[in-house]
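# Close look at the chain arrangement
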Amino acid sequence: MSHVTRANRITRRKVMCVCMALMLVAVIIYVFCLPAKLFSAPYSTVLKAKEGELLSATIATDGQWRFPEIDSVPKKFSDALVAFEDKRFYSHPGVDFISLGRALKQNLADGRVISGGSTITMQVVRLSRKGKPRTVYQKIVEIILATRVEFRYTKDEILGLYASHAPFGGNVVGLEAACWRYFQRDPSQLSWGEAALLAVLPNAPSLIYPGKNRDRLKEKRDRLLDKLVTKGTIDEVTAILAKEEPIPDEPQALPRYAPHLLTRAMKEGHAQQVVRSTLDFSLQESTEKIMHDHYEKLVANKIHNAAAIVLEVSTGKVLAYIGNTIGSDREHHDEVDVVNARRSTGSILKPFLFAAMLDEGKILPRMFLPDVPTVINGFAPKNFSMEYDGAVAANKALIRSLNIPAVHMLKSFRYEKFHSLLGHIGMTTLNRGPDHYGLSLILGGAEGTLWDIAGMYASMARTLNNYWQRPGKNRYDKNDFHSPFYLEPADVTGLGTDNNLQEGSWLSASSIFQTFDALKDLYRPGEESGWRYFSSSKRIAWKTGTSFGFRDAWAVGVTPHYVVAVWAGNADGEGRPGLTGTEAAAPIMFDIFSQLKEDTWFRAPIHEMEAITVCKLSGHRNSSWCNAIDTVWVSRRGLQTTPCPFHKRVHLTENRKFRVYSECESISEMVTTSWFVLPPIQEYYYRARNLSYKTLPPYREDCEKSSPLVTMDLIYPEPDSKIFVPRELDGTVGNVVFELAHRNPSSVVYWHLDGNFIGSTSGKHNLPINPPQGRHSLTIVDENGETINRSFWVISYM
């Protein structure tokens, strides 16, 4: 007996061990039976405005409108859903055995399946296991998995999973997609009638099809509303009003605002996500309408593309983003996001050079700059108008976008330094060394993006604004120069902190203020555009640009709170007559500004400025011989600029017709006065545009010239220049026209080539010649004996 008893005990232990092992295995299987990620379906990418309004969305890769899972379910929908699908949802462990028993009884009585008895949790499991047949075995699996779901998720999270993956008819999946497709609103804005409708729809999603079973759908909705009244969730009046709400006919198209930003967000790693942007919905909507209105005008000139971006200065947030105009077909590349496309910058970078020159004290705002024919190492820039002013104030050259003064400024500043500065302040497209661009950098020789350009202008305005927000010695933070951003919420807490403050930045507040002050001037000679309508309403610092060949039109406007940047052109690079910044882009920019509330202007950073006197005519610091002076505020570094070099002391006869000096005229009979004298080439062009300019009188015949003033200079050719001689239409070698400027046009000038006399000129000193190939020496002598010697090379015949 003892042996039998011992054997039985051993057997019982083995059985217990096996049972415990099986239980352990069952527990492990139960614990790990639920996938780590319950749903693996692809989602739509959704772009929303800063307040949550839907801007646009893409369809998921499986062809379904399925928005990413929602964090919370609106109370109206959850109340309606629980009342309709699972009234004991908040008390059962994932399985409602009472409902299962009732369903089993109904099915047996009817002889067919008329009720599944599934809870919301079980339906979540079924939705996650697509394609599984509806069998008793699968029902048991759903029951087991539902209890496991209850362990992992809270009740609210389970409601969120159901609301995110339930079918709502056709290819609409999930509550949020259904709200927008059927009611054009966010789930949080649902009415009771809409919430009840959506609660009953997943039970039979085919009922929503247009013209099919809409009466049955309404009956189901209304019964649910009555049930909500019975439960005390809503009152009878609310139910009556909800029953009057119409049943939607068919799914509606989703909003299509900022589609290019949506595509950009997907490329930048935000696919299948809800992208909460910084865009202002109403501003985006109105800006797109403005762009569409102008597109109708632009397309008449075969200009098919335009883009615009609106930034908030204080943060750099993007408030409106139009990547391209949307035409009626795809032929004109309206899918291209021009905001982020590289385009020739034209003149749009000139304000940064102007500010840099002011910052280094190389110019004053009104200082005269040369505007004459110029050739620098073979580079021969031309003004847009193909004309010359001779000499022009720096601020006027900026707002008129004159190319030659800008090239002279860049030569003085050095293009290597400017290349580096552009990189520091936000230009990311300079992927070649400075020598590749050279002096053409300021005239569109480099490519930039609307995104970078807008960010750079906003950064300048931000630096100027923040100057007044930081008292003390250290007022600058170089981090104020940063790129725009479109994602919300953005971490900008590290910007502008005391730890980053310094005495200076890439550009000083005073230089930025003087630049903006110049750009707000409404004087735009020869330009006809919408800016005239803003002369009494808004102060805007604005700049336009046009690339070579009329391929790109730019306009950027700045105020203390906003930056508006616009590009217009053809994405394929085709140029068009009239495709200029002023005519094509500026009207769009001003129309966008018209909807922005702005009535302030930048404060002058007077703590780093000085009030000085300058020559009213030349803009230089005045010398003792300047007749008229003016007082202006300038950057302190501007104090190092030289006095006016153009006002000279001259001695004249009493009748002021001739110059004399003490060796040929009695001092008592001489009149000593100040005279404004430009260099000969500058004078040649300046006097044609300024009738008040008086040419310096000649010396009296009995007085030998003793003045250091140069009376003539060659316009063309430049010293040691290399020349190509053109050919005529018949193939014969043509002529090169040499040009001279002389203070006294009536003077006779004698021309010699390689020591041989070749002709004389009087009045207009232009001489066509046909020199052979090789090196040549040109000698020019006027009737007073003044001589110019210049060497040049003829490389070949064109």
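Overview of the structure. Here the structure is a predicted model, which means the values were calculated and not measured. (Residues numbered from 1 in each chain as written. Predicted model: local features only at pLDDT ≥ 70, side-chain atom pairs only at ≥ 80, totals over all residues. Heavy atoms only, no water.)

### Some words on empty space enclosed by the protein
- According to the stated counting rule, one finds 4 cavities of 30 Å³ or more in the structure shown.
- Around the largest cavity, the lining residues are K350, L353, A397, L398, S401, L402, P405, A406 and M409.
- Ranked by residue count, the leading element in the lining of the largest cavity is helix α15 (residues 403–413), at 3 residues. (1 Å grid on protein atoms, 1.4 Å probe; cavity = no way out; pocket = protein on both sides within 12 Å on 5 of 7 lines; lining within 4 Å. Points joined across faces, edges and corners; volume = space filled by probe spheres on them. Helix = DSSP H or I, 4+ residues; strand = E, 2+ residues; numbered from the N terminus.)

### So, the sheet that holds strand β21 (residues 736–742)
- Spatial ordering of the open sheet is given by β19-β21-β24, a layout of 3 strands whose pairing is antiparallel. Of all strands in the sheet, those with a lone pairing partner are β19 (712–716) and β24 (766–769), marking the two edges. Taking each pair of neighbouring strands and ignoring which way they run, the sheet shows an average axis angle of 25°. (Pairing = 2+ DSSP bridges. Axes fitted to C-alpha atoms, helices over the stretch in contact; angles between N-to-C directions.)

### So, the sheet that holds strand β13 (residues 552–558)
- Pairing in this open sheet of 5 strands is antiparallel, and the strands run β7-β6-β14-β13-β12 from one edge to the other. Sheet topology places β7 (318–322) and β12 (541–546) at the edges, where each strand pairs with a single neighbour. Here the strands of the sheet are splayed against their neighbours by 10° on average, with no regard to which way each runs.
- For strand β6 (residues 305–312) and β7, the ladder comprises 4 bridges, and the chain directions are antiparallel. If you follow I309 over to β7, its bridge partner there is Y321.
- Of the strands in this sheet, β6, β12, β13 and β14 (562–569) are in contact with helix α20 (residues 581–593), which crosses β13 at around 35°. (Contact = heavy atoms within 4.5 Å.)

### Re a positive patch on the surface
- Together, R6, R9, R12 and R13 line one region of the surface with positive charge.
- Within the fold, R13 resides in helix α1 (residues 2–32). (Patch = residues over 30% accessible without salt bridge, like charges linked within 9 Å, V, L, I, M, F, W, Y side chains within 5 Å. Areas by Shrake-Rupley, 256 points an atom, 1.4 Å probe, with all protein chains shown as cover. Salt bridge = Lys/Arg side-chain N within 4 Å of Asp/Glu carboxyl O. Lys, Arg positive; Asp, Glu negative; His and termini not counted. Charge placed at Lys NZ, Arg CZ, Asp CG, Glu CD.)

### Side note on the state of the cysteines
- Going through the model one piece at a time under the given rule, you end up with 1 disulfide.
- Note on cysteine connectivity: C664 is disulfide-linked to C703, with sulfurs 1.7 Å apart. With the S-S bond torsion at 100°, the cross-link from C664 to C703 turns out right-handed. Of this pair, C664 sits in the loop between β17 (647–652) and β18 (671–676) while C703 sits in the loop between α21 (680–689) and β19; the two residues are 39 residues apart in sequence, bridging distant segments of the chain.
- Its sulfur unpaired, C626 is 3.5 Å from the next cysteine sulfur, which belongs to C615. (Disulfide = S-S within 2.5 Å.)

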